[in-house]
Amino acid sequence: MNSINRRSALLAGLGIAGAGALAACATGSGGPVSLGLVSPSGSAVAAVENKRKGTGRTRQVTLTAARAVLDLGAGIKADSWAFNGRTPGKELRLSVGDTLAAELSNQLPDRTTTSIHWHGIALRGDMDGVPAVTQAAVRAGRNFTYRFITDTPGTYFFHPHVGVQLDRGLYAPLIVEDPKEPLSYDDEWVVVLDDWVDGVTGTPDEVFAEVKQGMNMNMGDMSMRFMLMGARSTLLGGDAGDVKYPYHLINGRVPADPDAYTGKPGRRVRLRVINAGSDTAYRVALSGHKMTVTHTDGFPIRHQEVDALLVGMGERYDVLVTLGDGVFPLVALAEGKDMTGMALVRTGSGAAPAPTVRPRELDGMIMSASQLKAADDVRLPSRKTDQVHRIELTGGMTKYDWAINGKRFDMNDPTATPILVEQGQRVRLDFVNTTTMWHPMHLHGHTYQLGSGGARKDTTIVPPKKTVSVFFDADNPGQWMLHCHNAYHGEAGMIGLVAYRA
Ligand code: C2O
Ligand code: CU
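What you see is a predicted model; the values in this text were computed from it and never measured.

### Observations regarding the overall build of the chain
For the chain, the helix and strand inventory stands at six helices and 33 strands. The C-alpha radius of gyration computed for the chain amounts to 22 Å, which stays within 12% of the reference 23 Å derived for 502 residues, consistent with globular compactness. When its C-alpha atoms are laid out on the principal axes, the chain stretches across 70 × 55 × 45 Å. Expressed as a percentage of its 502 residues, the buried residues of the chain come to 60%. By sequence separation, contacts in the chain at least 24 residues apart represent 74% of the contacts at least 6 residues apart. Accessible area for the chain stands at about 18,400 Å²; split by element, carbon and sulfur atoms hold 49% of it. If you average the places of the 52 positive and of the 52 negative side-chain charges in the chain, the two averages end up 3 Å apart.

### Here's the deal with the coordination of the copper ion (ligand 2)
Protein coordination of the copper ion (ligand 2) is provided by His439 (ND1), Cys484 (SG) and His489 (ND1), with donor distances spanning 2.0 to 2.1 Å. For the copper ion (ligand 2), the single-chain donor residues occur in sequence as H-x44-C-x4-H. Remark: His489 occurs in helix H6 (residues 487-492) and His439 occurs in strand E27 (residues 439-443); sequence separation between them is 50 residues. Summarising the burial analysis for this pair, His439 and His489 share the class buried.

### Details of the environment of Gly163
Here Gly163 is to be found in the loop between strand E7 (154-159) and strand E8 (172-177). Among the residues examined, Gly163 registers a relative accessible area of 43% and is labelled partly exposed. For Gly163 and Ala487, which are 324 residues apart along the polypeptide, the C-alpha to C-alpha distance reads 8.1 Å.

### Describing the sheet that holds strand E28 (residues 448-450)
Taken together, the six strands give an open sheet; going across it, the order is E24-E23-E26-E31-E28-E29, and neighbouring strands pair in mixed fashion. Every interior strand has two partners, whereas the edge strands, strand E24 (403-404) and strand E29 (456-457), have only one. Across two bridges, the pairing between E28 and strand E31 (residues 467-473) is antiparallel. Across the sheet, Leu450 pairs through a bridge with Val470, a residue of E31.

### Quick look at the sheet that holds strand E1 (residues 58-73)
Taken in spatial order, the four strands make up an open sheet running E2-E1-E4-E6, and their pairing is mixed. Looking at strand neighbours, the two that pair on one side only are strand E2 (76-83) and strand E6 (143-149), the edges of this open sheet. The sheet shows a mean angle of 25 degrees between the axes of neighbouring strands, taken without regard to direction. Bridge analysis of strand E4 (residues 99-107) against E6 gives seven bridges, and the strand direction is antiparallel. Bridge assignment links Ala101 to a residue of E6, and that residue is Arg147.

### Concerning the packing of aromatic side chains
Taken as a whole, this structure holds nine aromatic pairs when the rule is applied. Within the aromatic cluster, the residues linked to one another by ring pairs are Phe83, Trp118, Phe144, Tyr146, Phe148 and Phe158. Taking NZ or CZ as reference, Arg168 lies 3.7 Å from the ring centre of Trp81, over its face.

### Observations regarding the domain arrangement of the chain
Taken domain by domain, the chain consists of domain 1 (6-33 + 51-181), domain 2 (188-367) and domain 3 (377-500). Both sides of the domain 1 and domain 2 interface together cover about 2,700 Å² of buried area, and 56% of this is carbon and sulfur. Contact with domain 2 buries surface across domain 1, with Leu72, Thr155 and Asp167 losing the most and accounting together for 27% of the total. For the interface between domain 1 and domain 2, the tally reads four salt bridges. A salt bridge links Arg168 to Asp205, with the shortest nitrogen-to-oxygen separation between them at 2.9 Å. Summed over the shared surface of domain 1 and domain 2, the result is 15 residue pairs in polar contact (both at pLDDT 80 or more). Listing elements by their share of the side of domain 1 that touches domain 2, those giving two or more residues are E1, E2, E7 and E8.

### Re helix H3 (residues 43-51)
Every buried residue belonging to H3 is among Val45, Val48 and Glu49, and all of these are buried. Taken around the axis of H3, the buried residues stretch over an arc of 100 degrees, which confines them to a single face. Those residues of H3 that are exposed and angled more than 90 degrees off the buried face are Ser43, Asn50 and Lys51. Turning to H3, the residues buried within the fold contact E6.

### Examining the nonpolar core
Among the nonpolar cores identified, the biggest contains 112 residues, and Trp118, Phe158, Trp189, Leu271, Phe472 and Tyr488 are the most heavily contacted of them. Take this core: its biggest share by element is four residues, from strand E20 (residues 327-334). Discounting residues that sit within four places of it in the chain, Leu271 has contacts with Trp189, Val191, Tyr317, Asp318, Val319, Val321 and Leu330.

### Quick look at helix H4 (residues 204-211)
Buried residues of H4: Pro204, Val207, Phe208, Glu210 and Val211, and no others. Seen from one end, H4 has its buried residues packed into an arc of 165 degrees, which puts them on one side.

Calculation rules
Residues numbered from 1 in each chain as written. Chains lettered and ligands numbered in written order. Predicted model: local features only at pLDDT ≥ 70, side-chain atom pairs only at ≥ 80, totals over all residues. Heavy atoms only, no water. Helix = DSSP H or I, 4+ residues; strand = E, 2+ residues; numbered from the N terminus. Rg over C-alpha atoms; globule rule 2.2 N^0.38 Å. Buried < 20%, exposed > 50% of the residue type's maximum accessible area, 1.4 Å probe, protein only. Contact = heavy atoms within 4.5 Å. Areas by Shrake-Rupley, 256 points an atom, 1.4 Å probe, with all protein chains shown as cover. Lys, Arg positive; Asp, Glu negative; His and termini not counted. Charge placed at Lys NZ, Arg CZ, Asp CG, Glu CD. Donors = N, O, S within 2.8 Å, 3.2 Å for Na, K, Ca; no water. Pairing = 2+ DSSP bridges. Axes fitted to C-alpha atoms, helices over the stretch in contact; angles between N-to-C directions. Phe/Tyr/Trp six-rings, centres within 6.5 Å; stacked < 30°, edge-to-face > 60°. Lys NZ or Arg CZ within 6 Å of the ring centre and 35° of its normal. Domains from an automatic or database assignment. Buried area = accessible area lost by both parts, 1.4 Å probe. Salt bridge = Lys/Arg side-chain N within 4 Å of Asp/Glu carboxyl O. Polar contact = N/O pair within 3.5 Å; in protein donor to acceptor, adjacent residues only side chain to side chain. Arc of directions from axis to C-beta. Core = buried A, V, L, I, M, F, W, Y, C linked by side-chain atoms within 4.5 Å.

Take a look at the structure:
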C-alpha cells in the first residue's frame with residue numbers, strides 16, 4: 001500500500017471528517033483494519049475504556065491555544081504561544097477515575113494546526129492527541145474535545161503533538177490525585193522546568209530549520225544562532241544537548257525574578273517536578289535539604305533519599321522534603337550547558353540568593369531512574385516475554401538524521417514500519433543506542449518497567465552506546481508513538497509506532 005493510501009486508510013478508520021481528498025480517495029479501503037491493525041477508535045479501544053473504573057464525575061475545561069506575550073520576570077517579555085495566556089498553563093487536577101472533558105480551541109496564528117497529548121496517561125487510544133495517527137490535526141479556528149477517564153494517580157503534563165510546538169509555551173501540569181493517598185505530607189508544590197527560546201532569540205521553528213541542516217553545514221556558516229556545540233555531561237555520557245537557550249525557567253520565571261513557595265519550617269512538602277523542556281536535562285537540588293524520591297512518571301518507587309536528581313525531558317519525579325528554616329534556592333542545572341533555572345522556598349527571613357547560586361547538593365548523591373526500584377504494588381508480575389523488539393536509536397548531529405532503526409519517521413505514513421504487538425502480550429523493548437548522544441525515550445499509552453524490578457516509567461534516559469531494556473503488558477489497544485522526547489530529535493524523525501495488531 002502506498003503512503004497516501006496508508007495514511008488515509010488510518011484516518012478513514014478513525015471516521016475523521018475533513019481529511020479531504022485523502023479520505024475521499026480511501027473510501028472503501030476499510031481503514032486500519034485493512035492494514036491488520038487495531039483502529040484507535042475501534043471496539044477494542046472502547047472495550048478497554050469501559051473497563052476503566054470511573055467516578056462518573058466529569059471535569060470540564062477549555063484550553064485556548066493562542067499567541068500570548070508572557071512575562072518571564074525581571075522585565076523579560078516573550079512573544080509566544082500558550083494555553084489561556086500563561087506558561088505553564090494552569091494545572092489540571094482531577095481525582096482518580098474522573099473523566100476529563102477538555103475542549104481545545106485552536107486560536108494559533110498563521111493557520112497553524114495543533115493537538116493536545118496527555119503525556120504519561122494510559123488513556124483510550126483515540127484521545128492521545130497525535131495527528132495523523134489518533135486524530136486529524138485541529139485546524140486553526142477549530143475546536144476539539146478530549147474526553148477520557150484518568151484511572152491512574154500521578155504527576156503528568158500535557159502539550160501539543162505537532163511539529164516543535166512543545167518548545168513554545170504550550171504546556172501545563174496534569175495531576176491525578178488519589179483519594180486514598182498513602183503518602184503523608186502537609187502540602188505540595190508543582191515545579192515545572194523548561195528551556196526557553198521562543199520570542200526571545202527566535203522561534204522553535206527557526207531553531208529546527210537551523211539544526212536540521214546538520215553540524216557541518218552550520219560550522220561553515222558564521223550565522224549559527226541556535227546550535228550548541230560542546231555541551232558535555234558525564235552524567236549523560238557525553239553530548240548533553242543541541243540547542244542554545246537564553247533562559248531556563250522554573251514555573252515560567254527566570255532566576256532573577258523567581259517563583260517562590262512559602263511555607264513553615266518542619267512541614268513536609270511533596271514536590272512534583274516535571275521537565276517540560278525540549279533539549280535540556282536538568283540536575284535538580286534544593287539547597288540545604290535532602291529529597292526523598294517517592295515516584296517517577298506517576299508511579300511509586302521504593303523511597304530513596306538523594307541530594308540531586310537528573311531529570312530528562314518528559315520525565316517527572318515526586319519527592320518529599322522536610323523544610324528547614326530560611327530561604328532556600330531550588331536549582332535546576334541545565335546539564336552540560338552551564339546555566340541554571342531557580343525558584344525559592346521561603347520559610348523564614350533572609351535575602352534571596354544570587355540568581356547564579358549553585359547549591360553543593362548538585363554535586364552530592366545524584367540519582368536517575370536507572371538506580372530506582374518499583375514499589376512492590378506496581379512491579380510487573382513476572383511472566384514470560386512474548387515479544388521482543390530491538391529499537392535501535394540511530395543518527396547524529398552531522399546530518400541531523402535522528403531516527404529509529406535507521407528510518408526517519410514520516411508523519412504522513414505513520415504505519416510504514418510499525419512495531420507490532422498483540423493485546424495480552426508481555427513485550428520487551430531493547431533500546432539500543434548506537435549514537436553518541438543520550439535520548440529520553442517515551443512510550444505513549446503505557447507505563448513500562450525498567451529491567452526486572454526497576455522503576456515503572458513512560459520516559460527513560462538511554463545513554464549513548466548503551467542498551468536499556470524495558471517491559472510492558474500490551475493492555476491498551478491502539479496505535480502509540482514511541483519517540484525521543486528531545487523535540488528536535490523527534491521532529492527530525494526519531495519516532496516509531498507501536499501498533500496493536502487486530
Ligand atoms: Cu510528551 Cu509523544 O510526548
Ligand atoms: Cu534524542
